[in-house]
Each structure stands twice: as structure tokens, then as C-alpha cells.
Amino acid sequence: MKLLDFLKRERNKESASVAKERLQIIVAHQRNQRGQPDYMPLLERELLEVIRRYVEVDDDAININLDSEDNCSVLELNVTLPRS
Amino acid sequence: MAKIIVVTSGKGGVGKTTSAAAVATGLALRGQKTVVMDFDVGLRNLDLVMGCERRVVYDLVNVIQGEAGLSQALIRDKRVDNLHIMPASQTRDKDALTMEGVGEVLDELNKQFDYIICDSPAGIERGAQLAMYYADEAIVVTNPEVSSVRDSDRILGLLSAKTRRAEQGEDPIKEHLLITRYNPNRVDQGDMLNLEDIREILSIDLIGLIPESEAVLRSSNQGVPVTHDDDSDAGQAYADAVSRLLGEDVPLRFHEYQKKSLLSRMFGGGRR
């Protein structure tokens, strides 16, 4: 019985920490998108499609960033290509 | 000059109205002239939680549209002298509230009160954005649960971008985290996010921690804000949060799991 309780506890321990890990990832992602124009997610997806016509890349192989400076914005695009 | 505080969360059902009512009551009990405003047009409930639903004659939309004066719409609280309630309209559609109209009403209230508490509707649409637009401080109500924490983060993004202070480049809105429905027992079992985790993820200051409590439902049943129930854990926790809002340094309570003694288990005593 005690052992069962212990095992159950161990499994439960995970549920709150799983929640924490998932939240840290999604919140970081959300914060990246803060202040970005609404078209960014679509732009990211379409860019990924174009790249995929030529090279097979993963969903998370693309990283897109919009930085605003004084009078212009810089669109930064990072794509990790698989080793050929 | 009044301090304008928005009570917001993104997600519905986390305790915005309960908290707005409890905090406003707490501030008034501490001698602050306080008005609590319902921004949830079409789904007003603050009047019920405050126990004045039968005394609503005019509402915020009537005032904005010039159909009633401010003093006609303000409802004086039955229990606390310094407290007034401004109900939302139940029948008009959401577009009845305008940015300019809300601004004018707040300007007028500014002259009469120390604190203006804005009870935001759920969501991130117009109503929620209107409720937060003129705020000086924000209380972000969060449950220890993934969807609530994520939505709170979204709201923090809006607070830092779509508000008067942000648009005019003034000092940013002061953001406070209010965790509600906290169950130390489940946290202890590893089944619920603990307050440190939530604070770390959202990275804002904790203004209060309200334990999950039977007193909350009991108080809304009766239309008496839970702050009046000063024997209850939730009532005391809200009073602590109010003290912190007023700048006092109050130690955190109700965040640790109290093992029940054999006696209280047998007789059902202990915390209410």
C-alpha cells in the first residue's frame, strides 16, 4: 500500500512539472510574437512551404524575426538545412 | 487623483468579478473612497456579487450616452460607506461603450474617488481592452492551471501595448499577480502548479494568494463580498492583498499545506 502511494505520488509529481515545462515553452513562444504584425505566422508558414519545394526541412527548422530600428524594420530569417 | 486598477485575466471563470468585488470592498473598509465598475456589457454580474442587483436603475452605457447622470447610475453600497458600484448595461450590445465615453466617465470619477476598480470581461476583445485602456495598475487574476497561466501571459502582452500608458509612452502599468483557487494540498501532492512556478513563468509581482475556499461560493450566494467574512481564509487573504496594494509589507499566508489533526478530521473543524 505504502509503495503504491509512493508510486502514485511520483507519477503525480510529474503532472505539475509537466505543466510548468509546457507553459515555459508556450509562453516564450508567445512573447516572441508580442508586438509583431498579425501577418507573421502566415508569412512564416508560407516561407516554410517555399523552402520545402526545394529542401526537406522540419517545422522548427525555420526561425523568423522582425526587429524594428529607428526608421526601418529588419526581417531576419534563419533556416537550418539538413546535411546533404 | 484616483488610482485606476483593472482586474483582468483573459480566461473566464477564474475569479475576476469575485476579486474585483473583494478588493474594492477591502479598500473601502480601509477608508479609501472606492468605486467598482462592471465593464462586461450584456453579461453583468458584479451587481449580483455585490448584492445590489435589485437597486440597478441606470448603468454605464446610460451615462455614456447622456441618458443619466453619473450620480444617478452610481449605487451606494449598503454595508460600506465609501463604496460605490457602477453597473454595466445588460441589454445593450457591446459596441455601446466607446473609448471617449469611458474616458469621460473615468475623468469624472477621478475627482470623487481614491480608487477606481475596473472589472474586465473575459477575453481579449474590445470590452477587455476598454477596461484596461486607462488603467494605472492591473491585477491579473490567475488560476494554477495551464490555460489560465497562458491567457494571463497574453493579457500581460496587451497591457504593455494596447493601453493609454503604453501608447503615450508614460510609465508602464504596474502589473500584479493574484493567484486564486490555490489548493496547497494538491500542490503538495505535485498535482498543481505552485505559486513560485506561476510567478516565474509570468515574471510579475505577487499581490495575493487566495486559497480555494468554500467561503467564496457562500459569499456570492449571499451577495456579500468575501472580504466581509473575516473569519474565512479567503476573506483574510483578500484583506492581505488589499494591504499590499496600499503599500504594506504583509507576509504570505495560506500557501502551505496544513495537515489536519485527528481531532479536526473527526469533528470537521479547522479552516472554514
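Look up: the structure comes first, before these words.
Residues numbered from 1 in each chain as written. Chains lettered and ligands numbered in written order. Predicted model: local features only at pLDDT ≥ 70, side-chain atom pairs only at ≥ 80, totals over all residues. Heavy atoms only, no water.

## Quick word on helix H10 (residues 195–202) of chain B
Residues and elements named next belong to chain B.
Move 1: Those residues of H10 not exposed but buried are Leu195, Asp197, Ile198, Ile201 and Leu202. The arc that holds the buried residues of H10, viewed along the axis, is 160 degrees, so those residues lie on one side.
Move 2: Where H10 begins, the capping side chain belongs to Asn194, and its oxygen is found 2.9 Å from the backbone nitrogen of Glu196.
Move 3: Just beyond H10, the residue with positive phi is Ser203, at close to 40 degrees. (Buried < 20%, exposed > 50% of the residue type's maximum accessible area, 1.4 Å probe, protein only. Helix = DSSP H or I, 4+ residues; strand = E, 2+ residues; numbered from the N terminus. Arc of directions from axis to C-beta. Polar contact = N/O pair within 3.5 Å; in protein donor to acceptor, adjacent residues only side chain to side chain.)

## Some points on the pairing of strand S4 (residues 83–86) of chain B
For a regular strand, side-chain orientation follows a simple rule: the groups alternate between the two sheet faces.
Residue and element names in this part refer to chain B.
Move 1: Judged by which residues are buried, S4 turns out to be covered on both faces: Leu83 and Ile85 on one side and His84 and Met86 on the other are all buried.
Move 2: Summarising the sheet, strand S2 (residues 34–38) and S4 pair through four bridges and their orientation is parallel. Residue pairing in the sheet places Val36 in a bridge with Ile85 of S4.
Move 3: Here strand S3 (residues 75–76) folds back onto S4 in antiparallel fashion, the turn holding six residues. (Pairing = 2+ DSSP bridges.)

## With respect to the pattern of salt bridges
All names here are of chain B.
Move 1: Taken as a whole, this structure holds 14 salt bridges over all chains when the rule is applied.
Move 2: Between Arg44 and Asp47 there is a salt bridge whose closest N-O contact spans 3.1 Å.
Move 3: Assessed through its relative accessible area of 17%, Arg44 is described here as buried.
Move 4: For Arg253, the salt bridge goes to Asp240, with nearest N and O atoms at 2.9 Å. Separated by 13 residues along the polypeptide, Arg253 in the loop between helix H12 (233–245) and helix H13 (262–267) and Asp240 in helix H12 bring together distant segments of the chain. (Salt bridge = Lys/Arg side-chain N within 4 Å of Asp/Glu carboxyl O.)

## A word on the interface of chain B and chain A
Frequently, the measure chosen for interface size is the accessible area removed from exposure when the parts meet.
Move 1: Facing 18 residues of chain B, the contacting portion of chain A comprises 14 residues.
Move 2: Overall, the association of chain B and chain A removes approximately 1,500 Å² of surface from exposure, summing both partners, and the carbon and sulfur fraction of that is 50%.
Move 3: The three residues of chain B that bury the most area against chain A are Arg150, Asp153 and Ile201 of chain B, which together make up 34% of that side's buried surface.
Move 4: In this structure, the salt-bridge partner of Glu200 of chain B is Lys20 of chain A, at a minimum N-O distance of 3.3 Å.
Move 5: Joining chain B to chain A, the criterion identifies 10 residue pairs in polar contact (both at pLDDT 80 or more).
Move 6: Sorting the residues of the side of chain B that touches chain A by element identifies helix H7 (146–159) and H10 of chain B as the ones contributing at least two each.
Move 7: When residues of the side of chain B that touches chain A are assigned to their parent elements, the largest contribution, seven residues, is made by H7 of chain B.
Move 8: Considering only residue class, the side of chain B that touches chain A consists of seven nonpolar, four polar and seven charged. (Contact = heavy atoms within 4.5 Å. Buried area = accessible area lost by both parts, 1.4 Å probe. Nonpolar A, V, L, I, M, F, W, Y, C, P; charged D, E, K, R; others polar.)

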